[in-house]
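Now for the letters of each chain:
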Number of protein chains: 2
Amino acid sequence: MAQKRTLIFITGNKNKLREARGILKGFEVRDRDIDLPELQETSGALIVEDKIRRALKLVDDAVFVEDTGLYYDALGGLPGPFVKWFLERTGRRGLLDLLSAYDDKTAYAKCYIGYGIPARDRKKEKIIVFEGSVKGRMVEPAGESKFGFDPIFLPDGHDKTYAQMVEEEKNRISHRRLALEKLREYLEKHS
Amino acid sequence: MAQKRTLIFITGNKNKLREARGILKGFEVRDRDIDLPELQETSGALIVEDKIRRALKLVDDAVFVEDTGLYYDALGGLPGPFVKWFLERTGRRGLLDLLSAYDDKTAYAKCYIGYGIPARDRKKEKIIVFEGSVKGRMVEPAGESKFGFDPIFLPDGHDKTYAQMVEEEKNRISHRRLALEKLREYLEKHS
């Protein structure tokens, strides 16, 4: 049996690591908890691209990072990647109340994954970004969850918030799942 | 007469340049329009510190940058430095409506100035941050202004929004003025 290809996942979150390992079967996913500075951009795509560029200076293996955001239609895509700060400062209630003045509660939960392949010659480094996006809307909190906005996000076509779903159910349809599967497809095609 | 000391102001904004020159009399303020990446942090202090670190790699003179933000008490200091994105995506109305769910409309208009002195030996570089802060509250738009949030910010102790004041009046009390004066005091003390 051939040796499994190694991928480094830059994260300090064990739940995300477990999820990634489950989806990227056939690959050896190792975590590295490096605190990389984040760019102030309203699209996670730009943030992960920049992060991977930094990460490639620190690791010798193929590497990936992820950025999760909540993009409200009524706010032109904000708070987007800034969602974590609103959760930290105002909680779920505050995150929901950002939409108080609006009837439109539509939102996209988006995960961007930046994937990078190092090269001796910096110019030959390869960086690719994968997007997983789930449309839904913001609702009154329902269900318990460790994950930030899960109780207030109701994905379209479902009658349960992310938090009301059992873990396997959520992981089957989540924005992060979609992005990780795109990464897996890419890896399998380029093995 | 001694030659004036040169300071580089990294900005693409001619109004801010004019204001800085007015306050930093006695110094030769030159502008450089370099687009420096911005860190995703909720305090402008960290943002300007990081920016100056980058700027010092590009210029040979003493250099400063500024970051202006609107820090809402009800939102734990947010949107803070992210205010520009909200202005861009949701306009002044949207910026005001972030507070729809709250009675507390208190806000701080803050300007952070990062000032840096280059050195051959990178470890001897000097970086200092100055803060100018004006307390006030968010109100229905009044007055015309080119400047982003001026019509909806009413500084404490005044009965006019920033936008309703004539330019000289605003520039006498503004958050940017306060920060620039701290920079001037520092420069005069260390000349």
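Residues numbered from 1 in each chain as written. Chains lettered and ligands numbered in written order. Predicted model: local features only at pLDDT ≥ 70, side-chain atom pairs only at ≥ 80, totals over all residues. Heavy atoms only, no water.

1. Thoughts on the pairing of strand β6 (residues 126–138) of chain A
Each regular strand carries side chains that alternate between the two faces of the sheet. Under the convention used in this document: At least two DSSP bridges between two strands are needed for those strands to be called paired. Helix and strand definitions here come from DSSP, where helices need a minimum of 4 consecutive H or I residues and strands a minimum of 2 consecutive E residues; each element is numbered from the N-terminal end.
Sheet analysis places strand β5 (residues 106–117) of chain A next to β6 of chain A, joined by 12 bridges and oriented antiparallel. Looking across to β6 of chain A, one finds that C111 of chain A is bridged to G132 of chain A.

2. Regarding the confidence of the model for chain A
Keep in mind that low pLDDT regions are not for reading the predicted coordinates in detail. Let me state the cut-off plainly: Here pLDDT means the predictor's own confidence in every residue, given as a number from 0 to 100.
Of the residues in chain A, 99% reach a pLDDT of 70 or more, and the chain-wide mean stands at 94. Per the prediction output, this complex has pTM 0.93; the corresponding ipTM is 0.92.

3. Quick look at the environment of A179 of chain B
All names here are of chain B. Counted only if it meets this: The contact rule is simple, with two residues in contact once any of their heavy atoms fall within 4.5 Å.
Here A179 is to be found in helix α5 (residues 175–189). Residues A179 and E41 lie 138 residues apart in sequence; the distance between their C-alpha atoms is 19 Å. For A179, the contacting residues outside a window of four places in its chain are C111, I113, F130, E131 and G132.

4. Points about the packing of aromatic side chains
Residue and element names in this part refer to chain A. Worth spelling out the cut-off: Under the pairing criterion, centres of Phe, Tyr and Trp rings, with the six-membered ring standing for Trp, must be within 6.5 Å; the plane angle then separates stacked pairs below 30 degrees from edge-to-face pairs above 60, leaving the rest tilted. Burial classes: relative accessible area under 20% of the type maximum marks a residue as buried, over 50% as exposed, and values in between as partly exposed (1.4 Å probe, protein chains only). Consider the ring centre and the ring normal. A charge sits over the ring if Lys NZ or Arg CZ is within 6 Å of that centre and within 35 degrees of that normal.
Tallied over the full model, the rule gives 12 aromatic pairs over all chains. Ring geometry for Y115 versus Y186: centroids 6.0 Å apart, planes at 65°, classification edge-to-face. In this pair, Y115 is assigned in strand β5 and Y186 in helix α5 (residues 175–189), connecting sequence segments 71 residues apart. Accessibility assignment for this pair places Y115 and Y186 in one class, buried. A cation over an aromatic ring shows up here: K110 above the ring of Y108, its NZ or CZ 5.8 Å from the ring centre. In this structure, K170 is placed above the aromatic ring of Y162, and the distance from its NZ or CZ to the ring centre is 5.2 Å.

5. Here's the deal with the relation of the copies chain B and chain A
As a reminder of what qualifies: Here the copies are superposed with least squares, the fitted atoms being C-alpha atoms of residues at a pLDDT of at least 70 in both.
Expressed as a screw transformation, the operator carrying chain B onto chain A has a rotation angle of 180° and an axial translation of 0.0 Å, and the superposed copies differ by an RMSD of 0.0 Å. What the superposition gives is, in effect, a two-fold axis relating one chain to the other. Across chain B, the smallest distance between a C-alpha and the rotation axis is recorded for Q40 of chain B, namely 2.0 Å. The overlap is high: 100% of the interface residues of chain B also sit at the interface in chain A, so the same surface is used on both sides.

6. Details of the pattern of salt bridges
The cut-off we apply is this: The term salt bridge refers to a pairing of a side-chain nitrogen on Lys or Arg with a carboxyl oxygen on Asp or Glu at a separation within 4 Å.
Throughout the structure, instances matching the rule amount to 38 salt bridges over all chains. With a closest N to O distance of 3.0 Å, R54 of chain B and D50 of chain B form a salt bridge. Taken together, the residues span about one helical turn, with R54 of chain B and D50 of chain B both in helix α2 (residues 44–55) at a distance of 4 residues. Between E181 of chain B and R184 of chain B there is a salt bridge, with the nearest N and O atoms lying 3.9 Å from each other. Of this pair, E181 of chain B and R184 of chain B both sit in helix α5, 3 residues apart, roughly one helical turn. Sharing partners across several salt bridges, the network here consists of K16, E19, E66 and R176 of chain A.

7. Looking at the interface of chain B and chain A
For clarity, the cut-off: Simply put, the buried area is the total loss of 1.4 Å probe accessible area from both parts when two parts are fitted together.
Each partner contributes residues to the interface: chain B has 24 residues there, and chain A has 24 residues. Summed over both partners, the interface of chain B with chain A buries about 2200 Å², with 60% contributed by carbon and sulfur atoms. Ranking the residues of chain B by area buried against chain A places Q40, W85 and R89 of chain B at the top, with a combined share of 30%. Linking chain B to chain A there are 0 salt bridges.

8. Observations regarding the side chain of T6 of chain B
All names here are of chain B. Within the fold, T6 resides in strand β1 (residues 5–10). Note on T6: relative accessible area 19%, which makes it buried. Other than its neighbours up to four places away in sequence, T6 contacts E28, R30, D61 and A62.

9. Re the nonpolar core
Condition: Residues grouped as a nonpolar core are buried Ala, Val, Leu, Ile, Met, Phe, Trp, Tyr and Cys residues, joined through side-chain atoms within 4.5 Å.
Residues L70 of chain A together with L70 of chain B are the most contacted members of the largest nonpolar core, which totals 46 residues. Those elements giving two or more residues to this core turn out to be β3 (62–72), α3 (83–97), β5 and β6 of chain A together with β3 (62–72), α3 (83–97), β5 (106–117) and β6 (126–138) of chain B. With residues near it in sequence (within four places) discarded, L70 of chain B still touches G77, L78, P79, G80, V83, L95, A107, Y108, A109, M138, F149 and F153 of chain B.

10. A few points about the pairing of strand β2 (residues 27–32) of chain A
All names here are of chain A. Going by this rule: When the strands point away from the viewer and the path from the first strand over the helix to the second turns clockwise, the crossover is right-handed.
Looking at chain direction, strand β1 (residues 5–10) and β2 are connected through 6 bridges and run parallel. When the sheet's bridge partners are listed, I10 is paired in β2 with R32. Following the backbone out of β1, through helix α1 (residues 14–23) and into the adjacent parallel β2, one traces a crossover that is right-handed.

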